[in-house]
Number of protein chains: 2
Amino acid sequence: MATMTKQLETDFLKYVKKIKAYEEALKLMYWDLRTGAPKKGVEGRSEVIGLLSSEVYKMETSEEMESFLNQLLDGKNKDQMSEIALKTALDCKKSFERMKKIPIDEYQAYVTLQAKAESVWEEAKEKADFDMFRPYLEELVETTKRFIGYWGYNGNKYNTLLDMYEPGMTVEKLDTVFREVRDGIVGLLQKIEKSNSKVDTSFINFYFPKAKQEAFSIEILKQMGFDFNAGRLDETVHPFQITINQGDTRITNKYDERDFRVAIFGVMHEGGHALYEQNICKDLAGTTLARGTSMGIHESQSLFNEIFIGRNKQFWKRNYDLLKKYTSGQLNNVSLNDFYFAINEVRPSLIRIEADEVTYPLHIIIRYEIEKGLFNNEIEVQDLPMIWNEKYKEYLGVKPDHDGVGVLQDVHWSSGSFGYFPSYALGYIYAAQFKHAILKDLPNFDEIVANGDLIQIKRWFIEKVHQYGKMKKPLEILQEATGEDLNARYLIDYLNEKYSKIYHF
Amino acid sequence: MATMTKQLETDFLKYVKKIKAYEEALKLMYWDLRTGAPKKGVEGRSEVIGLLSSEVYKMETSEEMESFLNQLLDGKNKDQMSEIALKTALDCKKSFERMKKIPIDEYQAYVTLQAKAESVWEEAKEKADFDMFRPYLEELVETTKRFIGYWGYNGNKYNTLLDMYEPGMTVEKLDTVFREVRDGIVGLLQKIEKSNSKVDTSFINFYFPKAKQEAFSIEILKQMGFDFNAGRLDETVHPFQITINQGDTRITNKYDERDFRVAIFGVMHEGGHALYEQNICKDLAGTTLARGTSMGIHESQSLFNEIFIGRNKQFWKRNYDLLKKYTSGQLNNVSLNDFYFAINEVRPSLIRIEADEVTYPLHIIIRYEIEKGLFNNEIEVQDLPMIWNEKYKEYLGVKPDHDGVGVLQDVHWSSGSFGYFPSYALGYIYAAQFKHAILKDLPNFDEIVANGDLIQIKRWFIEKVHQYGKMKKPLEILQEATGEDLNARYLIDYLNEKYSKIYHF
């Protein structure tokens, strides 16, 4: 019996490895499209991606897969499997069921709709024309509602969507922590607005050539412990991190020659994602577990590096002089303190991806409230621009001039990625909670950062987070690393402490 | 009946397109491995390449493919097919039969042997140890002989190998033209050696930074008509051209900062390959015909650009000043004439890929004679070092110090690519023959080159060669473009005329 299970397990893992092989090819093609593939090849490439993706879909939902899962997850076999094989099987079962519950023709129509909606969205955003995008968004929402019907739900319909990006996360949990975050930030914002201290950013927008910014970015990545033998850095329009295989994790960056902050914090953000992927235990290679456990935990790693390291004054104690070396002297008369203030200016604004670290969560919470309303039939798509603008007014005190900088600004909804947004704010909450926990093991955290010894911090995360990949669930990792459940207090405390010093209140 | 054929044809072309989709993924992975994929990802990548390659093999030799070919190439259907579908079917049938005639276990053993032999060769070359490589080479030769037994042959056993790279080429034809080339070059070399004129190359090896060489290379590619919207240029160790899809043809280049000739003639060479691939008729996209018709015709395009344009004095009339702009003045006191002589210096040497344009064919003819001997049982693998060295002494008057710069220098045999070498010399002969023919349509060829109006030349090749892809056979293309069969006279005439002026005899 044990031998039969072993053989079955081996065959199953081989089958999964084949699926992963196709995914590796797909990911490389995706990376290539976004880092320099010639224009005239794009159409042919898209067809190839479509074709190989449908091969992956076939394998993931095949009778062979079903038979593997039925046999392996049957009582007796289950007990004899290795933990890796068992968790891979459970992971595959989750995908299998999610896909199989949708009739194939509806799934195909959905894929077509997604592609169409994305290209319509792009034009609609350009033209600031919500009505152009509205019918597609309505159909995406309706289709997703129907899918929730097929998938089923516990408690709140929106939970089913949350679970796709953050397994185990629920509306009940999010309502609690997001309320705390919202109230905390709104209170903080009022203090900042009342403050007499203003931050000077007049010296920020000097000409900083791309090649110099790139060279500085590479220095920082090396400090962080990014392994260039297991990854590379390229230029792109919308930066991302992608793992091609276990020894090949790539990041991309964007260079604004009139605002170096984009590249520096961008590369630390993507670099944080990459550290996670580079340090997943090699035993998981070729399984579905060799990846970050959730979008939220992933985001905690990017934000930890971007914010808790990159926007930390200690970090610049070491690196401000280094940065100056890459400039042509434009920062020579700017003190470290003024520099530090400038890169931490708080200013409520319209665009999520340009938001400062205080107001950022409010952008997310607005989207969360809207999505929750949509899928519980409390909000209609047609009312989105109005609701969006009201919420921005209420939470951030700003109002979009047009929908292009309002409800149309993000790509997510056009690809049907409902339930994704909360991970951004969750990642931030996780990161602050990790920051609090790390101080128990590395009480001299600030000194470590000031010395540029970031490898110590990386090592802490490898031990607590990275190595496990998808072997542990997000809240399990959080609990084990920090000793408690999700707690938004640490984020609010961090922001209050930091900004009371910058804005003197 | 016609409708049935139409449906069958559509289904068949769809099946072929699927195979091509896999190949596109494979080619991108290959390109990526050679242009910057991180080291630690290579092992995983190799597995993925192996896995997807075996899927391609399965499709190319499947019962489905067999059934398509049997139905389509049956008398009645054959007459009703489109020319593209018919020629694709014939091309697939050729591959199908070549693969199917080899027992699957022997084929797999061969693939394993190839991989192993390549890595052993690399070490053996490094150590200049032929005996280390010998057993692998013996097995490769023996296996290939057995395969020739399965495949069958006409006239000479080596014809079967030649046909893989140059359809329709035979030992009979090659013996004739190669004899003419050899005799012609040996005679020319004697004159050059006796000449009192020496070429000064003392000013060549100045420091020329990589970035500057790259920028100049891009200028030249643009002049040639390389379409950067349908291709890109990257750096690599062993330059190559690769077509990812019909709108995406990539070239790579190598930069020696102490010898700019490597990059300049390298990029014109690969650029010539690329022009061919970029200008194949788009109707052939997704079929097996969307590629150069043979290795020899392909090489004629790279060599035409490298030699008949790039090493032509007219070309430098226009571009020498441009080149100087990219240097730091090191060529300011060198006349165009001296520069032109220096880039055309003739010097018999040991290494094929470093040979000048006069001695290059001799390197190829030596390999041809050895391969022909091997497969007709006239030469034993164990005697190769001795035979190699004797032939180098006889034809080129040089003798390798060790086998690393002798019989072990090329990668081809280690991957079992017997029959490939002749295409290099054939390409040269074709190119000279094209050069002679082009003068009928563009009698002011030299003026065109001197004016940098290379697009006119590109247009000629599109019309005569490029557009057809694999729709026409190599000798058909040659015949139609030049009005005659393969004729080595033009190469010999070209060399004699050019070098009598450089070496004054």
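Overview of the structure. (Residues numbered from 1 in each chain as written. Chains lettered and ligands numbered in written order. Predicted model: local features only at pLDDT ≥ 70, side-chain atom pairs only at ≥ 80, totals over all residues. Heavy atoms only, no water.)

1. Quick word on the relation of the copies chain B and chain A
Consideration 1: You can overlay chain B on chain A at an RMSD of 0.0 Å; the transform is a turn of 180° with a shift of 0.0 Å along its axis. With respect to symmetry, the two chain copies, as superposed, fit the operation of a two-fold axis. When C-alpha positions in chain B are compared against the rotation axis, the closest is assigned to Ala25 of chain B, at 3.0 Å.
Consideration 2: The fraction of interface residues of chain B whose copies in chain A are also interface residues reaches 100%, indicating that both copies meet through the same surface. (Least-squares fit on C-alpha atoms with pLDDT ≥ 70 in both. Contact = heavy atoms within 4.5 Å.)

2. Describing the environment of Glu394 of chain B
All names here are of chain B.
Consideration 1: With respect to the helices, strands and loops of the structure, Glu394 is situated in helix α16 (residues 384-396).
Consideration 2: With a relative accessible area of 61%, Glu394 lands in the exposed category.
Consideration 3: It is 9.9 Å that separates the C-alpha atoms of Glu394 and Val186, two residues lying 208 residues apart in sequence. (Helix = DSSP H or I, 4+ residues; strand = E, 2+ residues; numbered from the N terminus. Buried < 20%, exposed > 50% of the residue type's maximum accessible area, 1.4 Å probe, protein only.)

3. Quick word on the nonpolar core
Consideration 1: In terms of nonpolar packing, the biggest core is built from 134 residues, with Trp316, Leu323, Phe434 and Ile457 of chain B touching the most fellow members.
Consideration 2: It is helix α17 (residues 422-441) of chain B that provides the largest number of residues to this core, a total of eleven residues.
Consideration 3: Among all residues touching Phe434 of chain B, those that are not within four sequence positions of it are Ile297, Ser300, Gln301, Phe304, Trp460, Phe461, Val465, Ile477, Leu478, Ala481 and Thr482 of chain B.
Consideration 4: Counting residues in each nonpolar core, the second largest holds 129 residues, with Ile343, Val346, Ile429 and Phe434 of chain A among its members. (Core = buried A, V, L, I, M, F, W, Y, C linked by side-chain atoms within 4.5 Å.)

4. A look at the side chain of Arg98 of chain A
Residue and element names in this part refer to chain A.
Consideration 1: Within the secondary structure, Arg98 sits in helix α5 (residues 83-100).
Consideration 2: This buried residue, Arg98, is left without a salt bridge; Asp163 holds the nearest opposite charge, at 4.1 Å.
Consideration 3: One polar contact links the side chain of Arg98 to the main-chain carbonyl oxygen of Thr160, over a distance of 3.4 Å.
Consideration 4: Once residues within four sequence positions are removed from consideration, Arg98 is found in contact with Trp151, Thr160, Asp163 and Met164. (Lys, Arg positive; Asp, Glu negative; His and termini not counted. Salt bridge = Lys/Arg side-chain N within 4 Å of Asp/Glu carboxyl O. Polar contact = N/O pair within 3.5 Å; in protein donor to acceptor, adjacent residues only side chain to side chain.)

5. A few points about the sheet that holds strand β1 (residues 231-235) of chain B
Residue and element names in this part refer to chain B.
Consideration 1: The three strands are arranged β1-β3-β2 in an open sheet whose pairing can be described as mixed. With one partner strand each, in any of the chains shown, β1 and β2 (241-245) form the two edges of the open sheet. Pairwise comparison of adjacent strand axes, ignoring direction, gives a mean angle of 25° for this sheet.
Consideration 2: Direction of pairing for β1 relative to strand β3 (residues 248-253): parallel, over a ladder of five bridges. Within the sheet, the bridge partner assigned to Leu233 lies in β3 and is Ile251. (Pairing = 2+ DSSP bridges. Axes fitted to C-alpha atoms, helices over the stretch in contact; angles between N-to-C directions.)

6. Details of the pattern of salt bridges
Consideration 1: Evaluated as defined, the whole model comprises 76 salt bridges over all chains.
Consideration 2: Note that Lys470 of chain A is salt-bridged to Asp91 of chain A, the shortest N-O span being 3.1 Å. Pair noted here: Lys470 of chain A is in the loop between α19 (454-464) and α20 (474-482) and Asp91 of chain A is in helix α5, with a separation of 379 residues, a long-range link.
Consideration 3: Residue classification places Lys470 of chain A among the partly exposed positions, given a relative accessible area of 24%.
Consideration 4: Overall, the relative accessible area of 15% leaves Asp91 of chain A in the buried class.
Consideration 5: Of the charged contacts in the structure, one is a salt bridge between Glu480 of chain B and Lys472 of chain B, with a shortest N-O distance of 2.5 Å.
Consideration 6: You can call Glu480 of chain B partly exposed: its relative accessible area is 48%.

7. Some points on the packing of helix α3 (residues 63-72) of chain B against helix α5 (residues 83-100) of chain B
All names here are of chain B.
Consideration 1: Between α3 and α5, whose axes approach to 10 Å, the crossing angle comes to 130°. Put simply, α3 runs oblique to α5. As for the relative orientation of α3 and α5, their crossing is left-handed in sense. In this structure, α3 uses Met65, Glu66 and Leu69 to contact α5, whose residues at the interface are Ala89, Cys92, Lys93 and Phe96. (Parallel < 35°, antiparallel > 145°, perpendicular 65-115°, else oblique. Left-handed = near helix turned anticlockwise from the far one by under 90°.)

8. Description of the interface of chain B and chain A
Consideration 1: Tallying the contact residues gives 35 residues for chain B and 35 residues for chain A.
Consideration 2: Between chain B and chain A lies a buried interface of about 2,700 Å² when both sides are counted; carbon and sulfur atoms form 56% of it.
Consideration 3: When the buried area of chain B at its contact with chain A is split by residue, Pro38, Lys40 and Asn229 of chain B rank highest and sum to 19% of it.
Consideration 4: At the boundary of chain B with chain A, the tally comes to twelve salt bridges.
Consideration 5: Among the salt bridges present, the one from Lys40 of chain B reaches Asp227 of chain A, with a minimum N-O distance of 2.4 Å.
Consideration 6: Taken together, the connections running from chain B to chain A amount to 23 residue pairs in polar contact (both at pLDDT 80 or more).
Consideration 7: Elements with a minimum of two residues in the side of chain B that touches chain A: α1 (2-33), α2 (42-60), β1, β2 and β3 of chain B. (Buried area = accessible area lost by both parts, 1.4 Å probe.)

9. Remarks on helix α11 (residues 260-278) of chain B
Consideration 1: Compared with the 27 Å implied by 1.5 Å per residue over 19 residues, the 26 Å span of α11 of chain B between its first and last C-alpha is a close match.
Consideration 2: Here α11 of chain B lies mainly inside the structure; 17 of its 19 residues are buried. (Expected span 1.5 Å × (residues − 1).)

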